[in-house]
Amino acid sequence: HFLAKTARSQGIEHLGLYVGQRARFENLGDFGRLVCSSFTLHESIARAQQLMAAYSSGECLWLTIRGDQALLGHRFAVDSGQVCRQADEYALMQLWNLVCRAAGTAWRPREVHLQSGPVSGLSQFDRLAETRLVFNQPATAVFLPRTLLSLPLKKPAKPAAPTGTETDLWMSAPAGDFSGSVRQVLDVLLQDGYPDIGLAAKAAGMSVRTFQRRLANTGFGYGRLIEQVRFEKAVRLLA
């Protein structure tokens, strides 16, 4: 109930919405990092379901398909009357933000459901101005077109890269984490076909064993990273 206490002490009625709108999904620790490493929106939701089921007994996440519509739902394991409104609003924004990772930040759902009860002041939020809000529901949910599920997840915006050869790029402007750096290496090596792990390890300046161990610590396998880089290159080419 940290959000609820903070909202009361600071007199901010919809703190959950404010925080949720500004929170970047990829910054939600290992959970956000793993979810955002997915290829498509559908895969990211499936991964979020698995992670939430494994690490949280107090909430659950699911996806329901209804014809040409889909429902992305979240539920706290308490009665609707006991749900903290601030936490519920924050959860709603995170569901919304995840869809926007594929659909774009301008996307708006036609309808959303909330576990918590009705409250005034929601119309002041531009993102909710044209959305139908339904309160006191069994779960918090965002309704979206089914076609969005197959869209690729947009990667976080990165600073403009310096000019020079691609090799110079990943050598002089490394990513902020190990898996990101390996992606940059693979992006170059894939021009000559599927790179052997020994070649990738050599390019990274370490032995194959150390290379594999470092990758394992990030939660990614070598084959998985290659699939990601190839997918991202294909999306860029198609665009």
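Before reading on, note that the structure itself is shown above.
All residue numbers refer to positions counted from 1 along the written sequence of the respective chain. Whole-chain, interface and lining totals are the exception, using all residues; otherwise, since this is a predicted model, local features are given only for residues with pLDDT of at least 70 and side-chain atom pairs are given and counted only at 80 or more. Only hydrogens and water are set aside when side-chain values are computed; all heavy atoms of the structure are taken into account.

**Q** Can you help me understand the nonpolar core in this one?
**A** Residues belong to one nonpolar core when they are buried, are Ala, Val, Leu, Ile, Met, Phe, Trp, Tyr or Cys, and are joined through side-chain atoms within 4.5 Å. Residue burial is assigned from relative accessible area. The probe radius is 1.4 Å, only protein chains are included, and a residue is buried under 20% of its type maximum, exposed over 50%, and partly exposed in between. The biggest cluster of nonpolar side chains holds 48 residues, and the ones touching the most others in it are Leu41, Trp107, Leu144, Leu186 and Phe211. Secondary structure elements follow DSSP: runs of H or I of four or more residues count as helices, runs of E of two or more count as strands, with numbering from the N terminus. The element contributing the most residues to this core is helix H5 (residues 85–103), with eight residues. The contact criterion used throughout is that any non-hydrogen atoms of two residues lie within 4.5 Å. Ignoring anything within four residues of it in the chain, the contact list for Leu41 reads Leu98, Val99, Ala102, Leu144, Leu148, Leu149, Leu151 and Leu153.

**Q** Before we go on, may I ask you to explain unusual backbone geometry in this structure?
**A** Glycine aside, the phi torsion of most residues is negative, and most peptide linkages are trans. The backbone of Asn136 shows a phi angle near 55°, a positive value even though the residue is not glycine. Positionally, Asn136 belongs in the loop between strand S4 (132–134) and strand S5 (140–145).

**Q** What's the story with the sheet that holds S4 in this structure? I'm lost.
**A** The strands making up a sheet associate through hydrogen bonds between their backbones, and the pairing can be parallel or antiparallel. Think of it this way: DSSP has to see at least two bridges between two strands before they count as a pair. One open sheet accounts for five strands, arranged S1-S2-S5-S3-S4; its pairing is mixed. For this open sheet the edge positions go to strand S1 (59–66) and S4, each flanked by a neighbour on one side alone. The sheet shows a mean angle of 20° between the axes of neighbouring strands, taken without regard to direction. In this structure, strand S3 (residues 111–113) lies alongside S5, joined through two bridges in antiparallel fashion. The residue bridging His113 from the neighbouring strand is Ala141, located in S5. Only C-alpha atoms enter the line fits that serve as axes; for helices the fit covers just the stretch in contact. Angles between N-to-C directions range over 0 to 180 degrees. In this fold H5 packs onto S1, strand S2 (69–76), S3 and S5, with an angle of close to 20° to the strand it touches most, S5.

**Q** Explanation requested: the pattern of salt bridges in the structure shown.
**A** Side-chain pairing between opposite charges can occur once the charged atoms of the two side chains come close. The salt bridge criterion pairs a side-chain nitrogen of Lys or Arg with a carboxyl oxygen of Asp or Glu, the two atoms within 4 Å. This model, assessed by the stated rule, comprises five salt bridges. Of the charged contacts in the structure, one is a salt bridge between Arg224 and Glu43, with a shortest N-O distance of 2.4 Å. Linking Arg224 in helix H10 (residues 222–238) with Glu43 in helix H4 (residues 41–55), this pair joins segments that are 181 residues apart in sequence. Note that Glu89 and Arg85 form a salt bridge whose closest N and O atoms lie 3.3 Å from each other. Of the two residues, Glu89 and Arg85 are both situated in helix H5; the distance of four residues between them amounts to about one turn of the helix.

**Q** Honestly, the packing of helix H8 (residues 197–204) against helix H9 (residues 208–218) in this entry has me stumped. Any pointers?
**A** When two helices pack together, you describe them by how their axes are tilted relative to each other and by the distance separating the axes. Between H8 and H9, the least distance of the axes is 9 Å, while the angle of their chain directions is 85°. Compared by their axis directions, H8 and H9 come out roughly perpendicular. Residues Ile197, Gly198, Ala200, Ala201 and Ala204 of H8 form the contact with H9, whose own contacting residues are Val208, Phe211 and Gln212. Each residue receives one of three labels: charged for Asp, Glu, Lys and Arg, nonpolar for Ala, Val, Leu, Ile, Met, Phe, Trp, Tyr, Cys and Pro, and polar for the others, Gly being one of them. Split by residue class, the contact of H8 with H9 holds six nonpolar, two polar and no charged. An angle below 35 degrees is treated as roughly parallel, one above 145 as roughly antiparallel, one from 65 to 115 as roughly perpendicular, and anything else as oblique.

**Q** Is there a simple way to explain the environment of Thr218 in this structure?
**A** Looking at the element boundaries, Thr218 is found in helix H9. Under the relative-accessibility criterion, Thr218 is labelled buried at 14%. With near-sequence residues (within four places) excluded, Thr218 lies in contact with Arg33, Phe178 and Ser179.

**Q** Which parts of the structure should I look at to understand helix H7 (residues 178–189)?
**A** The periodicity of an α-helix, 3.6 residues per turn, causes residues three or four places apart in sequence to face the same way. Taking 1.5 Å of rise per residue, twelve residues should cover 16 Å, and H7 covers 17 Å from first to last C-alpha, within 8% of that figure. Among the twelve residues of H7, ten are classified as buried, and the element is accordingly described as predominantly covered. Given a helix with a known number of residues, its expected span is that number minus one, times 1.5 Å.

**Q** Sorry if this is basic, but what is going on with the packing of helix H2 (residues 15–22) against H5 here?
**A** Orientation of H2 relative to H5, taken along the N-to-C sense of each, is 25°, at an axis distance of 7 Å. The orientation of H2 relative to H5 falls into the category roughly parallel. H2 and H5 meet at a crossing whose hand is right-handed. Contacts between H2 and H5 involve Leu15, Gly16, Leu17, Val19, Gly20 and Gln21 from the former and Gln86, Glu89, Tyr90, Met93, Gln94 and Asn97 from the latter. Grouping the amino acids of the contact of H2 with H5 by side-chain chemistry returns five nonpolar, six polar and one charged. Put simply, a crossing is left-handed when the front helix is turned counterclockwise from the back one by less than a right angle, and right-handed when it is turned clockwise.

**Q** How do you make sense of H8 when you look at a structure like this?
**A** In protein, a polar contact means a hydrogen-donor-capable atom and an acceptor-capable atom, both N or O and within 3.5 Å, with residues adjacent in sequence counting only if both atoms are side-chain atoms; elsewhere, any N or O pair within 3.5 Å suffices. Capping of H8 at its N-terminal end is provided by Asp196; its side-chain oxygen lies 2.6 Å from the backbone amide nitrogen of Gly198. Downstream of H8 by one or two residues, Gly205 has phi in the positive range, about 80°.

**Q** Sorry, what's going on with the pairing of S1 here?
**A** Along any regular strand, the residues point their side chains to alternate faces of the sheet. Sheet topology note: the S1/S2 ladder contains eight bridges and is antiparallel. The residue bridging Ile65 from the neighbouring strand is Ala70, located in S2. In this structure, the hairpin formed by S1 and S2 is closed by a connection of two residues, where Gly67 is found at a positive phi of approximately 65°.

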